[in-house]
Amino acid sequence: MERNRRENETTAVAFFNPDRNCWRVRQAERLALIVDGADYFAALRQVICQALHELLLIGWDFDFEIEMLPGESDDDGNAPDGLPNQVGAFLEAVVEQSHNLHVYILKWNGAVVAAPGRLLSSVAVSLFSSDRIHFALDGHHPFGACHHQKIIVADNGFAFCGGIDVTENRWDTSAHLPADPRRVGKDGSLLGPWHDATSALTGPVAESLGDLARARWFRATGENLTAPDSAARDIWPDSLNIQAKQVDVAIARTEPPYDGEPLINEIELLFLDSIRMARDTIYIESQYLTTQTVCDALQHRLSEDEPPEIVIINPEAALSQFEDQSMHVLRGRVIDRLRGADHLDRLRIYSPVNSAGQPIYVHAKIMIVDDAILHIGSSNLDDRSMGFDTECDVAIDGHADLIAGFREKLLAEHLGVSAEDFAATLR
């Protein structure tokens, strides 16, 4: 195992290839990996409060009526920090306090069709809030495609990049408690448990994610934003522990061919390269399991004489009956193919449940190869994310303790044990 780890670290030095399997490789001065919405929304709130000049919110959807800290509002609707708990009112209050702050919110235009109840709050922010809150719907994509990136950048020096949308049904703790009264919809109904993940990054990689977000804003609106000077900004939320420093991070994208621009499929190539280099283990968390090229690559690895162990965490069922009949029927066919190639019993596919046996919906988009490569981002393992929708992932390599520790944290959560007990049992 130690020999393989050293060999993987050596191989990974030249693993990222800008303009092929990633866009840029930039250093993160500080990095944290965030599991589940409760920790994310707490950190996001603190970051927004620290921004002074520019806040870029790029996402599939934003719901401005949800509470960021469920169950913590006072009688006036304020969170413990004294500011409104609802997203929209919170942004307005932060902008009122920070006189030089401009907020740019870019939301996929199709989200208002997929969730029309959220259109009203979107229009309200667009028309009635401060003129320093800029709201736009992103329709710059082929017909039927969607803008699926989830990027937030503060003052060009801090960024979140991952799979968590600032919308309803995303908040949950890692305990995924049955009937948690804080996990409730705006209509008062209890929501099911939800598993998700994202990353927090500072330094040059955050600047590059800012470049990506401003480019996306320009394509959607025609407005060219000037990046603020990030040199004097030192943003980091108190609620997050810094897990690593001075880490090289690759940014990988999917952008469909549109307006004469070619396909960008860096994420797909990064997945395929990662699967090819695996020696011992491939660990995957994904909402879907249908993409042809990635599943072909997994099938090929399973058919080898000495295949790696492959563990896939998938939701038990899709969110809607229509989606379940389409995406998960395809998933069933893929699973049959993979099991047919699994001649040495190296494949496991699991669907997590909470302590009451209630299925936990897996929305995280993660791949971990050995202790060598980690992907986390917005891209699902479906064909849309490989070439039709707009996606953004980040990836790191060569930090074995960080990567292995993150995998142990995820598995410990799914198994309902402490990370320490899991690590001790694994040893």
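**Quick word on the overall build of the chain**
Right, so step 1: Along its length, the chain carries 12 helices and 17 strands.
Right, so step 2: Across the 427 residues that make up the chain, the buried fraction comes to 58%.
Right, so step 3: Of all intrachain contacts in the chain linking residues separated by at least 6 positions in sequence, the fraction that spans at least 24 positions is 79%.

**Re the environment of Leu410**
Right, so step 1: Relative to the helices and strands, Leu410 resides in helix α11 (residues 400–415).
Right, so step 2: As a C-alpha pair, Leu410 and His195 span 215 residues in sequence and 9.9 Å in three-dimensional space.
Right, so step 3: Each residue touching Leu410, except ones within four places of it in the same chain, is listed here: Val35, His195, Tyr283, Glu285, Ile366 and Ile368.

**Looking at the packing of aromatic side chains**
Working definition: an aromatic ring pair is given by the centre-to-centre distance plus the angle between the planes.
Right, so step 1: Taken as a whole and judged by the stated rule, the model has 10 aromatic pairs.
Right, so step 2: Ring geometry for Phe158 against Phe160: centres 4.9 Å apart, planes inclined by 75°, an arrangement best described as edge-to-face. No difference in accessibility class separates Phe158 from Phe160, as the two residues are buried.
Right, so step 3: Three or more aromatic residues joined by ring pairs form one cluster here, namely Tyr40, Phe41, Phe158, Phe160 and Trp236.
Right, so step 4: The ring of Phe90 is capped by Arg45, whose NZ or CZ atom sits 4.1 Å from the centre of that ring.

**Things to note about the packing of helix α2 (residues 37–50) against helix α3 (residues 87–97)**
Right, so step 1: Running from N to C, α2 and α3 cross one another at 25°; their axes reach a closest spacing of 9 Å. As far as their axial angle goes, α3 and α2 are roughly parallel. Judged by residue contacts, Arg45, Ile48 and Cys49 of α2 engage Phe90, Leu91 and Val94 from α3.
Right, so step 2: Classifying every residue of the contact of α2 with α3 by side-chain character gives 5 nonpolar, no polar and 1 charged.

**A word on the pairing of strand β1 (residues 24–35)**
Right, so step 1: Judged from the 7 bridges that link them, β1 and strand β9 (residues 244–255) form a sheet pairing that is antiparallel. Within β9, the residue paired with Ala28 across the bridge is Val247.

**Focus on the environment of Trp60**
Right, so step 1: Structurally, Trp60 is set in the loop between β2 (54–59) and α3.
Right, so step 2: C-alpha separation for the pair Trp60 and Thr390, spaced 330 residues apart in sequence, amounts to 9.6 Å.

**Thoughts on the nonpolar core**
Right, so step 1: Counting residues in hydrophobic clusters, the biggest one holds 46 residues, and the most contacted among them are Leu31, Leu201, Leu209, Val249, Ile366 and Phe406.
Right, so step 2: In this structure Ile366 touches Ala197, Tyr283, Ile284, Glu285, Leu374, His375, Ile376, Phe406 and Leu410, once residues within four positions along its chain are discounted.
Right, so step 3: With 39 residues, the next largest nonpolar core counts Ala51, Val87, Leu101 and Ile105 among its residues.

**Examining unusual backbone geometry**
Right, so step 1: Positioned with a positive phi, Ala179 is a non-glycine residue whose angle comes to about 50°.
Right, so step 2: For Ala179, the location among the structural elements is in the loop between β6 (158–162) and β7 (194–195).
Right, so step 3: Look at Ala179 and you get partly exposed, because its relative accessible area is 49%.
Right, so step 4: Within the chain, Asp345 stands out as a residue other than glycine whose phi angle is a positive 60°.
Right, so step 5: Locating Asp345 in the fold gives a position in the loop between α9 (321–341) and β13 (347–350).

Conventions and cut-offs
- Residues numbered from 1 in each chain as written.
- Predicted model: local features only at pLDDT ≥ 70, side-chain atom pairs only at ≥ 80, totals over all residues.
- Heavy atoms only, no water.
- Helix = DSSP H or I, 4+ residues; strand = E, 2+ residues; numbered from the N terminus.
- Buried < 20%, exposed > 50% of the residue type's maximum accessible area, 1.4 Å probe, protein only.
- Contact = heavy atoms within 4.5 Å.
- Phe/Tyr/Trp six-rings, centres within 6.5 Å; stacked < 30°, edge-to-face > 60°.
- Lys NZ or Arg CZ within 6 Å of the ring centre and 35° of its normal.
- Axes fitted to C-alpha atoms, helices over the stretch in contact; angles between N-to-C directions.
- Parallel < 35°, antiparallel > 145°, perpendicular 65-115°, else oblique.
- Nonpolar A, V, L, I, M, F, W, Y, C, P; charged D, E, K, R; others polar.
- Pairing = 2+ DSSP bridges.
- Core = buried A, V, L, I, M, F, W, Y, C linked by side-chain atoms within 4.5 Å.

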